[in-house]
Amino acid sequence: MSQPVGRVPQRRNARSNRARILATARQELGRNPDTTLEELARASGVVRRTLFGHFPGRAALLEALAEEAAEALKAAAAAGVKAPEPAERALARFSLAMWPVGDRYRMLLALAQRDLGMERVGEILKPARLRVTAILERGQRDGVFHSHLPPSVMGAGLEAMTVALLEEVNAGALEDDGTRTAVATLIAAGVPEKQARVVVEDVAAAIAAEAVADS
């Protein structure tokens, strides 16, 4: 028996509403972790009943955001892995790969202590943190990066700087497509500014060329 024609558009509309709610929640909760579900519904352009139809409570919404963030960050961390290359290029590639999902970082860290818990956030960020720590460790061993801090500690500092720069972009104080933050990351790790700019420019061009080749 065939299904009524009207059901397909309804399912599409439901998927669209869910995606819009999650996108709005990322932005609003990243700015203000105390944002209520009612406020999120209004900001998403849906009625309260629609939001609760997808997410019966705050916990369900936050877990959906956490799962979405986990997948996006895992994919970005994997995208930053290429054939063996100098550590400064690997760090630039990692930084540029993570930038498009940077709002997930902001949102997760904003919700870490109150809602999701540091342990859950740590699980989500673990692949990215392990990746950057390995890059920093190799760069220190090769004499490319500063060695006055342990790799994991330096990675935590670079992560905090990236989140701070994301905040400035969202506040309108900084314009960046990710390249300025990547340059700042290399400089903070110990690469001279002029060299950092050249490396980031070259890696960004390589990523663009790879995207064209894969399309």
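Bear in mind the structure is a predicted one, so any value in this text is a computation, not a measurement. (Residues numbered from 1 in each chain as written. Predicted model: local features only at pLDDT ≥ 70, side-chain atom pairs only at ≥ 80, totals over all residues. Heavy atoms only, no water.)

*Asks:* Hey, could you run me through the packing of helix H4 (residues 58–79) against helix H7 (residues 118–141) in this one?
*Replies:* The geometry of a pair of packed helices is captured by two quantities: the angle between their axes and the separation between those axes. Between H4 and H7, the least distance of the axes is 9 Å, while the angle of their chain directions is 5°. Here H7 runs roughly parallel to H4, going by the angle between their axes. In this structure, H4 contributes Glu-63, Ala-66, Glu-67, Ala-69, Ala-70, Leu-73 and Ala-77 to the contact, and H7 contributes Arg-120, Ile-124, Leu-125, Pro-127, Ala-128 and Arg-131. Of the residues that constitute the contact of H4 with H7, the class distribution is nine nonpolar, no polar and four charged. (Axes fitted to C-alpha atoms, helices over the stretch in contact; angles between N-to-C directions. Helix = DSSP H or I, 4+ residues; strand = E, 2+ residues; numbered from the N terminus. Parallel < 35°, antiparallel > 145°, perpendicular 65-115°, else oblique. Contact = heavy atoms within 4.5 Å. Nonpolar A, V, L, I, M, F, W, Y, C, P; charged D, E, K, R; others polar.)

*Asks:* I tried to follow the nonpolar core on my own but got confused; where do I start?
*Replies:* Soluble, globular proteins show a tendency: their nonpolar side chains are buried together. Core analysis: the biggest nonpolar cluster contains 55 residues, and Leu-61 and Leu-108 have the highest contact counts within it. Per-element accounting of this core gives the leading share, 11 residues, to H4. Apart from the residues within four sequence positions on either side, Leu-108 is in contact with Ala-66, Ala-69, Leu-73, Leu-116, Val-121, Ile-124 and Leu-125. (Core = buried A, V, L, I, M, F, W, Y, C linked by side-chain atoms within 4.5 Å. Buried < 20%, exposed > 50% of the residue type's maximum accessible area, 1.4 Å probe, protein only.)

*Asks:* Please clarify how the confidence of the model for the chain should be interpreted in this entry.
*Replies:* Scored by pLDDT, the chain has a mean of 86; 92% of the residues are at 70 or more. Below a pLDDT of 50 lies the segment residues 1–10, which in the model reaches one contact outside its immediate sequence neighbourhood of four places, other chains included. (pLDDT = per-residue confidence, 0-100.)

*Asks:* Just to check I follow, could you spell out the side chain of Arg-58 for this structure?
*Replies:* As for its position among the elements, Arg-58 is in helix H4. A polar atom in the side chain of Arg-58 sits 2.6 Å from the backbone oxygen of Pro-33. Of note is the side chain of Arg-58, whose polar atom sits 3.1 Å from the backbone oxygen of Thr-35. Arg-58 has contacts with Leu-29, Pro-33, Thr-35, Leu-37, Leu-111, Arg-114 and Asp-115, leaving out every residue within four places of it along the chain. (Polar contact = N/O pair within 3.5 Å; in protein donor to acceptor, adjacent residues only side chain to side chain.)

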